[in-house]
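Inside the fold
Listed here are the chains, written in short residue letters.
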Amino acid sequence: MASKGTEGFGNITWWGFSPAQDLQDLGKELRLEKLTLSESAEPSRDLNVLLVGAGDCRHILKTIAQSYRWQRRKINFYVVENQLELLLRHLLLLNIALEPPGRMGLQEKTELYLEVLGDALVREQTADYIRTKATDFIKLITDVDKLARDMPLIDMSMLKFRERDAMEAICKFWRDTENKSFDIVKFWDARQRRYLEVRYDSRKNVYDWDRTMKLHEKDAKILHGSEYNRWRDTGVAFQVREGDYTAGNRTLASGVLIKREGERIPARGYWGDIATGPFISHGIESENQDLFKTANGLHTGCCSFVSEYNLLAMFHEILHKERYVPPKEEKEAEGKKGATLTEITEEEDEEEEDEGTEQTSGTSGGGDGTNKDEQEVNHDRTMPFITPCPPPPALIPCPEFKVHFLPMNACSDIPRRSKYAGLFDVVFFATGMVHGITPELNATLADEAVIIVETAKYLIDLRNEQLEQFGSKVNEMAATAGWKPISTCDFTKDVFAKFQFKRGS
């Protein structure tokens, strides 16, 4: 169980406590010219990124989405998490992000992603989607060839067999339709009661205090009271459209060992964050500064709007390899630039649908537009010849990227394996996994590798003195490992601390 000071943080990181970053930009101190290529040549080597405890795939998605802004290279992401449920959540969220447009539009994809990411209660159609994907994932986990064919972005070959077996069991739990086996409403309320104790009866005031006096002071002023209070009360952070949010989000279930009568027994429930919320990953920063307009000193938008815009923009960039232009800007530029790519695509799709309807109607009419000779020639045919259309791709292809799932003990294991020697150019450590910073990890780092450490800035239970103590500990571990700070980090204000490793220094 979590200690009293981190009860709100929980035992598992379902979402990140830092905004999504393009890791090529965040690690720009790395001498990337060594990894770039001329216009006609192949890259000399891949860019290899190690993500330790990120919690969600925000950094992966943003790096993929904005890769067209950089010189082309192949990027390998190596993902380490401390619980297998998180790897399956990575799999599910990446699957949603890469759904092809023929199967799911950008808006629907965005709403589905936000529900799965941060809502304890989801719509029934979202629960059906999770159950369907759980069945598909069982096949991917147990069949290497099917994984390579249907989701080539993912590599699970480095996972242990017992870890794959456990992931299969988790998928079977996800597709269970029995609500009593995971009553997240009861679990959520129990966590809040344990966390707030005597303050539970005045919890509305506690929510307002935590939001205005803590999160707003930590540069999350766009977080609105209605969305934050709703999430603290019910676990529903993103109510993106009208609907009944009644089905439990089984992807937020995990197990812990609890003490009862002197024995440790496993207990499944909701053991994640109940204090900060899933708003930080996509909801407090954006390239579109219009989202942060204020009136009378208050933001006119909220984190949900920003999150929706950022994800929509990322999914657009992944699909079209171009910056997303909001509809308002499209209308302003319409007279100068003409129709946008999205509009042209939508119009072509509508025209094709209309033409298909007309052709079907003409054929079924039996005489309109068909002369007598053609009728006689086709008289003996039971059906007109139709050229079969190729099946739509399983997912949007990302041939220049690979996401490798590593075993849970990877931080202590990979330094001993020669295949990882000098491999990683960029390393990211989440707040809850900084204990993995050790001198032994240097064996896996490339020369001049950049190490990015997420600070505890958005953990609202920690006071400034505790944040400074956390920073001192991180700096001490980095110094022991021989890493040099790239810049001075204020652990009470900055989101990331950045270090560089130079071999032989």
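The text that follows walks through the structure, step by step, so that each part is easy to find. This is a predicted model, so every value here is computed, not measured.

With seven bridges joining them, strand β6 (residues 254–260) and strand β7 (residues 263–269) adopt antiparallel strand pairing. Residue pairing for β7: Ser-254 is matched across the bridge by Gly-269. The loop that links β6 with its antiparallel partner β7 comprises two residues; one of these, Glu-261, has a positive phi angle of about 55 degrees.

What follows is about the side chain of Thr-455. Counting through the fold element by element, Thr-455 comes out in the loop between β12 (445–454) and α17 (464–481). Here the side chain of Thr-455 touches Asp-494 through a polar contact of 2.7 Å, landing on its backbone oxygen. Excluding its chain neighbours within four sequence positions, the residues that come into contact with Thr-455 are Thr-431, Phe-470, Cys-489, Phe-491, Asp-494, Val-495, Phe-496 and Ala-497.

Time to look at empty space enclosed by the protein. Under the counting rule described, the total for this entry stands at one cavity of 30 Å³ or more. Taken as a whole, the largest cavity holds about 50 Å³ of empty space. What lines the largest cavity is a set of eleven residues, among which Gly-8, Phe-9, Leu-459, Ile-460 and Asp-461 lie closest to the centre. When its residues are assigned to classes, the lining of the largest cavity shows five nonpolar, four polar and two charged.

Within the chain, Glu-197 stands out as a residue other than glycine whose phi angle is a positive 55 degrees. Of note, Glu-197 is situated in the loop between α8 (184–196) and α9 (203–215). One non-glycine residue, Asp-219, lies in positive phi territory at about 70 degrees. With respect to the helices, strands and loops of the structure, Asp-219 is situated in the loop between α9 and α10 (225–234).

Within the structure shown, the criterion is met by 27 salt bridges. Between Lys-457 and Asp-219 there is a salt bridge, and its shortest N-O distance comes to 2.8 Å. Highlighted residues: Lys-457 in the loop between β12 and α17 and Asp-219 in the loop between α9 and α10, separated in sequence by 238 residues. Classification of Lys-457 by relative accessible area gives buried; the value is 3%. Here Arg-416 makes a salt bridge to Asp-413, at a shortest N to O gap of 3.2 Å.

The rules behind each value
- Residues numbered from 1 in each chain as written.
- Predicted model: local features only at pLDDT ≥ 70, side-chain atom pairs only at ≥ 80, totals over all residues.
- Heavy atoms only, no water.
- Pairing = 2+ DSSP bridges.
- Helix = DSSP H or I, 4+ residues; strand = E, 2+ residues; numbered from the N terminus.
- Polar contact = N/O pair within 3.5 Å; in protein donor to acceptor, adjacent residues only side chain to side chain.
- Contact = heavy atoms within 4.5 Å.
- 1 Å grid on protein atoms, 1.4 Å probe; cavity = no way out; pocket = protein on both sides within 12 Å on 5 of 7 lines; lining within 4 Å.
- Points joined across faces, edges and corners; volume = space filled by probe spheres on them.
- Nonpolar A, V, L, I, M, F, W, Y, C, P; charged D, E, K, R; others polar.
- Salt bridge = Lys/Arg side-chain N within 4 Å of Asp/Glu carboxyl O.
- Buried < 20%, exposed > 50% of the residue type's maximum accessible area, 1.4 Å probe, protein only.

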